[in-house]
Protein chains: 2
Amino acid sequence: MGKIRAVVLLSGGVDSATTLAMALSEGKECHALTVDYGQRHRREIDAAERIATSLGAAQHAYLRMDLRPFATSALTGGGEVPRHRAPEEIGQGIPPTYVPARNTILLALALAWAESLEALEIFIGANVQDYSGYPDCRPEFMSAFEEVIRLGTRQGAEGRGEIRILTPLIRWSKAQIVKKGVELGVDFGLTWSCYDPTERGEPCRGCDACLIRAKGFAEAGLPDPLIS
Amino acid sequence: MGKIRAVVLLSGGVDSATTLAMALSEGKECHALTVDYGQRHRREIDAAERIATSLGAAQHAYLRMDLRPFATSALTGGGEVPRHRAPEEIGQGIPPTYVPARNTILLALALAWAESLEALEIFIGANVQDYSGYPDCRPEFMSAFEEVIRLGTRQGAEGRGEIRILTPLIRWSKAQIVKKGVELGVDFGLTWSCYDPTERGEPCRGCDACLIRAKGFAEAGLPDPLIS
């Protein structure tokens, strides 16, 4: 019997790198998918490519589409990325870095690829802990999307088994994610988190993503190879 | 009070043109969205642009992304478009022109735009009658997607009202759609249906889309301005 085939959404950050390492450690044949929806910098995409190669994904696909005309978000539009917010602020409300329908689009694209590869699983590193403000990171959102998959795909419609969404990190803290990644041999020096790098191409250390990452490594009691 | 704002998916064919005309006739402010997912020809996209302008959409957005690496479909890949199938064959099973997760992707993109426009409605010209083989054209698929919208969007999460999916044609025959379009002033000479045009840029008259279109005009007792 062959390996179970999976599509793994890979942004290039800590969470998706750990998710890919977990899927591989479970013996899945992993097809990594990186979507560029018009982010401000290419750093994340290059990071994803290096991570896919270093961890041993079966292949890495890169899909570009420009969502900037749709965006209200500070990540794709011209808004200000908030800086140096307190930890309790980061978890509150929907942040200005929210991209409309981001996970819906990512899962739809992963689904298209899964269907054509006859993959049975989609892995996404969504996490409610640090980003409680993103409605599309919640477990109930994932369940609703699985129903869309069941009703909207050839496999589901023909009763040939359903494609499942797996979110192994959904309730983990960033410290747990970092520890698990290190345990599985993820080189976090290859990952990228910063929303708004400096002109020299270094993490800004002030955006929510940098602050959450730093807190995660600190709580895990491990150095961050990207900034050490 | 202003007009209700809507995103209308516009492929450039008979169904989506009629859907746009219906949304406009209901007094909606329509933002037309055409997605090019790597189809074989540009004819449909040019058609969509002309239809949006002629019917009076508030704006027309065009989004390109290349799904060909994902495709198993004859529409985006290298497979043969089936020709001169009998009407009873066309309605049976999932056709080889099925694009994996097509409507899931289209609705996800429409949702992103709707959220950023603060639109409350998404119109899609999906129709079960002629395409019973496409699982993602069924009403139960649309309801499942509305649940994804409710749980996955800022508007839904904050209880500020939900974005609805409207499918006015879902149970109509092609003849009904043609009649309604003519009644609302749609110039069907601007639309395009053929999956596989001739080298001279004319409809092939043999693919499923051409056959369904011809049957629709015949049953409506109206000439098709595109081929007359």
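Each value, and the rule that gives it
Residues numbered from 1 in each chain as written. Chains lettered and ligands numbered in written order. Predicted model: local features only at pLDDT ≥ 70, side-chain atom pairs only at ≥ 80, totals over all residues. Helix = DSSP H or I, 4+ residues; strand = E, 2+ residues; numbered from the N terminus. Buried ≥ 20, exposed ≤ 12 C-beta atoms within 10 Å, placed from the backbone. Contact = placed C-beta atoms within 7 Å. Nonpolar A, V, L, I, M, F, W, Y, C, P; charged D, E, K, R; others polar. Expected span 1.5 Å × (residues − 1). Axes fitted to C-alpha atoms, helices over the stretch in contact; angles between N-to-C directions. Parallel < 35°, antiparallel > 145°, perpendicular 65-115°, else oblique. Left-handed = near helix turned anticlockwise from the far one by under 90°. Core = buried A, V, L, I, M, F, W, Y, C linked by C-beta atoms within 7 Å. pLDDT = per-residue confidence, 0-100. Pairing = 2+ DSSP bridges. Least-squares fit on C-alpha atoms with pLDDT ≥ 70 in both.

Q: I'm lost on the overall build of chain A in this one. Help?
A: Each helix and strand in chain A was counted, giving 8 helices and 5 strands. Split into buried and exposed, the 228 residues of chain A put 52% on the buried side. Of all intrachain contacts in chain A linking residues separated by at least 6 positions in sequence, the fraction that spans at least 24 positions is 72%.

Q: Would you mind going over the interface of chain A and chain B with me for this structure?
A: One frequently used descriptor of interface size is the decrease in accessible area upon assembly of the parts. Each partner contributes residues to the interface: chain A has 37 residues there, and chain B has 37 residues. The set of elements that each furnish at least two residues to the side of chain A that touches chain B consists of β3 (59-64), α4 (102-117), α5 (139-152) and α6 (154-157) of chain A. Ranked by residues supplied to the side of chain A that touches chain B, first place goes to α4(A) with 10 residues. Tallied by class, residues from the side of chain A that touches chain B come to 24 nonpolar, 7 polar and 6 charged.

Q: What am I meant to see in the environment of Gly181(B) here?
A: Residues and elements named next belong to chain B. Looking at where Gly181 falls in the secondary structure, it is placed in helix α7 (residues 174-183). For Gly181, a count of 25 C-beta atoms within 10 Å translates into the label buried. Separated by 122 residues in the primary sequence, Gly181 and Gln59 have C-alpha atoms spaced 20 Å apart.

Q: What exactly am I supposed to notice about helix α1 (residues 14-25) of chain B here?
A: Residues and elements named next belong to chain B. Here α1 contains 12 residues, and its C-alpha end-to-end distance of 16 Å stays within 8% of the 16 Å for a straight helix at 1.5 Å per residue. Listing the buried residues of α1 in full gives Val14, Asp15, Ser16, Ala17, Thr18, Thr19, Leu20, Ala21, Met22, Ala23 and Leu24. For α1, the elements touching its buried residues are β1 (5-9), β2 (29-36), α2 (43-55), β4 (121-123), α7 and α8 (208-220). Downstream of α1 by one or two residues, Gly27 has phi in the positive range, about 85°.

Q: Teacher, can you tell me more about the environment of Glu49(A) here?
A: By secondary structure assignment, the location of Glu49(A) is in helix α2 (residues 43-55). Distance from Glu49(A) to Leu190(A), taken between C-alpha atoms, is 9.4 Å for residues 141 residues apart in sequence.

Q: Sorry if this is basic, but what is going on with the packing of α1(B) against α7(B) here?
A: Axis angle and axis distance: for two packed helices, these are the angle between their axes and the distance between the axes, and together they describe the pair. Residue and element names in this part refer to chain B. For the pair α1 and α7, the least separation of the axes is 9 Å and the interaxial angle reads 45°. Considering their axes alone, α1 and α7 lie oblique with respect to each other. The way α1 lies across α7 gives a crossing that is left-handed. Across the interface between the two elements, Val14, Asp15, Ala17, Thr18, Ala21 and Met22 of α1 pack against Ile177, Val178, Lys180 and Gly181 of α7. Along the lines of polarity and charge, the residues of the contact of α1 with α7 split into 6 nonpolar, 2 polar and 2 charged.

Q: Would you mind going over the nonpolar core with me for this structure?
A: Grouped burial of nonpolar side chains is what soluble globular proteins tend to show. With 142 residues, the main nonpolar core has Leu20(A) and Leu20(B) as its most contacted residues. In this structure Leu20(B) touches Val8(B), Leu10(B), Cys30(B), Ala32(B), Ile51(B), Leu55(B) and Ala57(B), once residues within four positions along its chain are discounted.

Q: Please explain the confidence of the model for chain A as it appears in this structure.
A: Regions with low pLDDT carry predicted coordinates that are not meant to be interpreted in detail. Confidence in the prediction of chain A, expressed as mean pLDDT, is 87, and 86% of residues score 70 or more. Listed scores for the predicted complex are pTM 0.89 and ipTM 0.88.

Q: Honestly, the sheet that holds strand β1 (residues 5-9) of chain A in this entry has me stumped. Any pointers?
A: Residues and elements named next belong to chain A. Reading across the sheet, the 5 strands line up as β3-β2-β1-β4-β5 and stay open at both edges, with parallel pairing between neighbours. The open sheet has two edge strands with one neighbour each: β3 and β5 (164-166). The average undirected angle you get between the axes of adjacent strands in this sheet is 25°. The sheet contact formed by strand β4 (residues 121-123) and β5 spans 3 bridges and is parallel. Looking at β5, one finds that Glu121 is bridged to Arg164.

Q: Sorry if this is basic, but what is going on with the relation of the copies chain A and chain B here?
A: Mapping between the two chain copies consists of a rotation about an axis together with a translation along that axis. Taken as rigid bodies, chain A and chain B are interconverted by a rotation of 180° and an axial shift of 0.0 Å, the fit giving an RMSD of 0.0 Å. Here the two chains are linked by the operation of a two-fold rotation axis. When C-alpha distances to the rotation axis are compared across chain A, the minimum falls at Met65(A), with a value of 2.6 Å. In this assembly, 100% of the residues forming the interface of chain A have copies in chain B that are likewise at the interface, indicating an isologous arrangement.

Q: Where do I start with the sheet that holds β2(B) in this structure?
A: One key point about sheets: their strands pair by backbone hydrogen bonds, in either a parallel or an antiparallel sense. Residue and element names in this part refer to chain B. Here we have 5 strands laid out as an open sheet, ordered β3-β2-β1-β4-β5, and parallel in their pairing. Here the strands that pair on one side only, and so sit at the sheet edges, are β3 (59-64) and β5 (164-166). Strand-to-strand twist of the sheet, defined as the mean angle between neighbouring strand axes without regard to direction, takes the value 25°. As defined by bridge partners, β2 adjoins β3 across 6 bridges and the pair is classed as parallel. Across the sheet, the residue bridging to Leu33 is Ala61, located in β3. The strands touched by α2 are β2 and β3; relative to β2, the strand with the most contacts, the crossing angle is about 170°.

Q: Please clarify how unusual backbone geometry should be interpreted in this entry.
A: Negative phi values dominate among residues other than glycine, just as trans dominates among peptide bonds. The phi dihedral of Ala101(A) is positive, around 55°, even though this residue is not glycine. Along the chain, Ala101(A) turns up in the loop between α3 (87-90) and α4. By C-beta crowding, Ala101(A) is classed as buried, having 29 other C-beta atoms within 10 Å. We note that Glu118(B) has phi near 55°; this positive angle belongs to a residue other than glycine. If you trace the backbone, Glu118(B) turns up in the loop between α4 (102-117) and β4.

Q: Looking at this model, I keep getting lost on the packing of α5(A) against helix α5 (residues 139-152) of chain B. Mind explaining?
A: Orientation of α5(A) relative to α5(B), taken along the N-to-C sense of each, is 165°, at an axis distance of 9 Å. With respect to their mutual orientation, α5(A) and α5(B) come out roughly antiparallel. The crossing of α5(A) and α5(B) is left-handed. Between α5(A), through Glu140(A), Phe141(A), Ala144(A), Phe145(A), Glu147(A), Val148(A), Leu151(A) and Gly152(A), and α5(B), the contact on the second element is made entirely by Glu140(B), Phe141(B), Ala144(B), Phe145(B), Glu147(B), Val148(B), Leu151(B) and Gly152(B). Here the contact of α5(A) with α5(B) is composed, by residue class, of 10 nonpolar, 2 polar and 4 charged.

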